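Working through the structure, step by step
Residues per chain, in single letters:
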Amino acid sequence: IGGEDGRKMSKRFGNVINPDDIVKTYGADTLRIYEMFMGAFDQNTQWSTENIMGARRFIERVWKLAEKVMLEAPELSKKTEAMLHKTIKKVGEDIDSFGFNTAISALMILINTLEEEPTLSKDTYLTFLSLVCPFAPHVVEELRERLGEKRSNTEQSWPMYDVKKLADETITIAVQVNGKFRGTFETASDTSQDALETEAQKLPEIRKYIENKELVKIITVPKKLVNIVVNT
C-alpha cells in the first residue's frame, strides 16, 4: 500500500499511516473494510484518508438498516429476494478466492436494494449481517446483541443460497430499430424469443418506426435486446 503522496510508505518520507490513529478516529471495522475494499488483494494500491469515509458510511447504513426490522415483516419482493441469494453466492465465492474488494462491492449493492424495502424480517437482516461479519465483526456482534441474539455470529453457519431464487423474476429488454435504441419493456426472465420479438413490435414507440416498412429480419439477444431491421 502506497502513501497518499504516491510513494512507498516510509518513515523517511513521513507518509506512514498508523493504524491505531485510524482506529481511534473511524473505528476498527472501518479500517478493515477500507483496506479490503481499496483494491485487489494481490495488487498495489494507494492509501487515501479521504476515501476511507466511504467505508464508514457503509457501516452507518448497515446500522441504520436495523430500524427496518419488524417481527411480522411481509415477504421480500422477488427482486430483493433474488439479489439477496445472488449476494450470498457472490460473497462466499469471493471470500474463497480472496476477492474481498468485489465481495464488499456486492454488499454495497445489496444494501441499496434492502433499503428500498419498507420493512425487513429479523431473519433477513441477520442473514445480511452474517455476510457483513467477515469484514466488520465488531459492528455485527453489537447489532446481533441489540436484536436479542445470545450467540456470536461466529457460531452460526454461513448462509445458504437457493439456486432457484438466483434468477430475477423480470428483466428489461432494450429495443432497437436498425441498430438505434428506441425503447425498452419489462418481461418475465423466461419469456421465449418469439414472444420477445412480438412484444417489441407492439410497443407504441417502436411501431412508428416500423409501420408500412418491409421487415428484413429481427435479431434477438436473449434477455438483453431485440433489434428490428427494416428497409428504409
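For the structure, see preceding data.
Here the structure is a predicted model, which is why all the values come from computation and not from measurement. (Residues numbered from 1 in each chain as written. Predicted model: local features only at pLDDT ≥ 70, side-chain atom pairs only at ≥ 80, totals over all residues. Heavy atoms only, no water.)

**Side note on the packing of aromatic side chains**
For the structure shown, the criterion picks out 2 aromatic pairs. In this structure, R7 packs its charged tip against the face of F13, placed 4.1 Å from the ring centre. Positioned above the aromatic ring of Y209 is the side chain of R182, whose terminal nitrogen or guanidinium carbon lies 4.0 Å from the ring centre. (Phe/Tyr/Trp six-rings, centres within 6.5 Å; stacked < 30°, edge-to-face > 60°. Lys NZ or Arg CZ within 6 Å of the ring centre and 35° of its normal.)

**Observations concerning the pattern of salt bridges**
Opposite charge on two side chains permits pairing when their charged atoms draw close. Inspection of every chain in the model, using the stated rule, returns 13 salt bridges. As a salt-bridge pair, R56 and E60 come within 3.4 Å of each other at their nearest N and O atoms. One end of the pair is R56 and the other is E60, both in helix α3 (residues 52–65) and 4 residues apart, which spans about a single turn. Sharing partners across several salt bridges, the network here consists of K122, R144 and E149. (Salt bridge = Lys/Arg side-chain N within 4 Å of Asp/Glu carboxyl O. Helix = DSSP H or I, 4+ residues; strand = E, 2+ residues; numbered from the N terminus.)

**So, the environment of K89**
Note that K89 resides in helix α4 (residues 78–96). By relative accessible area, which is 28% here, K89 ends up partly exposed. Sequence separation of K89 and P159 is 70 residues, and the distance between their C-alpha atoms is 8.9 Å. When neighbours within four sequence positions are excluded, K89 is seen to be in contact with Y161 and L166. Polar side-chain contacts of K89 include one of 2.9 Å to the side chain of E93. (Buried < 20%, exposed > 50% of the residue type's maximum accessible area, 1.4 Å probe, protein only. Contact = heavy atoms within 4.5 Å. Polar contact = N/O pair within 3.5 Å; in protein donor to acceptor, adjacent residues only side chain to side chain.)

**Notes on the sheet that holds strand β2 (residues 180–188)**
Judged by pairing direction, the sheet is mixed, and its 4 strands sit side by side in the order β2-β1-β4-β3 without closing on themselves. Here the strands that pair on one side only, and so sit at the sheet edges, are β2 and β3 (215–221). On average, each strand axis in the sheet is inclined to that of its neighbour by 20°, with strand direction left out of account. Alignment of strand β1 (residues 170–177) against β2, held across 8 bridges, turns out to be antiparallel. Looking across to β2, one finds that I171 is bridged to T187. Against the sheet, helix α8 (residues 193–202) engages β1, β2, β3 and β4 (225–230), with an angle of about 120° to β3. (Pairing = 2+ DSSP bridges. Axes fitted to C-alpha atoms, helices over the stretch in contact; angles between N-to-C directions.)

**Concerning unusual backbone geometry**
One non-glycine residue with positive phi stands out, namely F98, at about 65°. Along the chain, F98 falls in the loop between α4 and α5 (100–114). At K223, a position not held by glycine, the phi torsion is positive, near 65°. Along the chain, K223 falls in the loop between β3 and β4.

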